[in-house]
Amino acid sequence: VQLVESGGGLVQAGGSLRLSCSASRRTFPTFAMGWFRRAPGKEREFVAAISWSVAGTAYADSVKGRFTISRDNAKITVFLQMNSLKPEDTAVYYCAARGGYSDTDPSRYNYWGQGTQVTVSS
């Protein structure tokens with residue numbers, strides 16, 4: 001499974017961005033998907049996850065109420081809508097896929113994209 005992220009960029013605090021992650025495999029609908037991020041000098045951290053059935057989503061406390069994860073299985077794409085962005089959201093954002101249930105632990109994901117940079121200026 002190849003994952004390709006897009007949609008990152010530079011935005012002012014309070015602004016919005018929508019990240020996309022396109023998958024290469026038609027079995028994508030059976031994969032749980034997650035978004036993670038890594039800020040300079042910090043560990044990779046969980047942002048959001050969505051189960052294959054779309055019924056289950058999970059968010060880090062730091063983004064709850066501001067970010068929304070969604071997926072379009074027909075287009076084999078997962079999205080991360082980011083609103084009310086803060087400078088502390090600045091990081092490289094990665095999407096990841098795993099068979100089975102969604103998880104907040106990055107070590108449980110088998111497939112990763114190359115990442116897309118999000119920079120939020122104050």
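Residues numbered from 1 in each chain as written. Predicted model: local features only at pLDDT ≥ 70, side-chain atom pairs only at ≥ 80, totals over all residues. Heavy atoms only, no water.

*Asks:* Honestly, the overall build of the protein in this entry has me stumped. Any pointers?
*Replies:* For the protein, the helix and strand inventory stands at zero helices and 11 strands. N-terminal to C-terminal, the α/β element order of the protein is β-β-β-β-β-β-β-β-β-β-β. Whereas a compact globule of 122 residues would reach a radius of gyration of roughly 14 Å, the protein reaches 13 Å, a difference of no more than 12%. For the C-alpha atoms alone, the extent of the protein along its principal axes is close to 40 × 25 × 25 Å. When each of the 122 residues of the protein is scored for burial, the buried share is 43%. Restricting to contacts in the protein with at least 6 residues of sequence separation, those with at least 24 account for 58%. Summed over all atoms, the accessible surface of the protein reaches about 6,100 Å², with 48% contributed by carbon and sulfur. Side chains of the protein give 14 positive and 9 negative charges; the mean places of these two sets differ by 6 Å. (Helix = DSSP H or I, 4+ residues; strand = E, 2+ residues; numbered from the N terminus. Rg over C-alpha atoms; globule rule 2.2 N^0.38 Å. Buried < 20%, exposed > 50% of the residue type's maximum accessible area, 1.4 Å probe, protein only. Contact = heavy atoms within 4.5 Å. Areas by Shrake-Rupley, 256 points an atom, 1.4 Å probe, with all protein chains shown as cover. Lys, Arg positive; Asp, Glu negative; His and termini not counted. Charge placed at Lys NZ, Arg CZ, Asp CG, Glu CD.)

*Asks:* Looking at this structure, I do not really get the packing of aromatic side chains. What am I missing?
*Replies:* Each aromatic ring pair is characterised by the separation of its centres together with the angle its planes make. If you walk through the whole model with that rule in mind, you get six aromatic pairs. Here F36 and Y109 contribute two aromatic rings whose centre-to-centre distance is 5.2 Å and whose plane-to-plane angle is 75°, an arrangement assigned as edge-to-face. Taken together, the residues F36 in strand 4 (residues 31-38) and Y109 in the loop between strand 9 (91-99) and strand 10 (111-112) connect sequence positions 73 residues apart. The two residues F36 and Y109 agree in class, both being buried. (Phe/Tyr/Trp six-rings, centres within 6.5 Å; stacked < 30°, edge-to-face > 60°.)

*Asks:* What should I look at first to understand the side chain of T77 in this one?
*Replies:* Checked against the element boundaries, T77 lands in strand 8 (residues 77-82). With relative accessibility at 8%, the residue T77 sits in the buried group. For T77, the residues in contact, after removing those within four places along its chain, are S20, C21, S22, F28, R71 and D72.

*Asks:* Whenever I open this one, unusual backbone geometry confuses me. Can you help?
*Replies:* Leave glycine aside and you will find that most residues have negative phi; peptide bonds, for their part, are mostly trans. Its identity is not glycine, yet S84 carries a phi of approximately 50°, on the positive side. Following the sequence through the fold, S84 ends up in the loop between strand 8 and strand 9. Relative accessible area serves as the criterion here: at 41%, S84 is assigned to the partly exposed category.

*Asks:* How should I be thinking about the nonpolar core in this particular structure?
*Replies:* The nonpolar side chains of soluble globular proteins are, as a tendency, buried together. Among the nonpolar cores identified, the biggest contains 34 residues, and M33, W35, L80, M82 and Y93 are the most heavily contacted of them. Taken together, the elements giving at least two residues each to this core come down to strand 3 (17-23), strand 4, strand 5 (45-50), strand 7 (67-72), strand 8, strand 9 and strand 11 (116-121). (Core = buried A, V, L, I, M, F, W, Y, C linked by side-chain atoms within 4.5 Å.)

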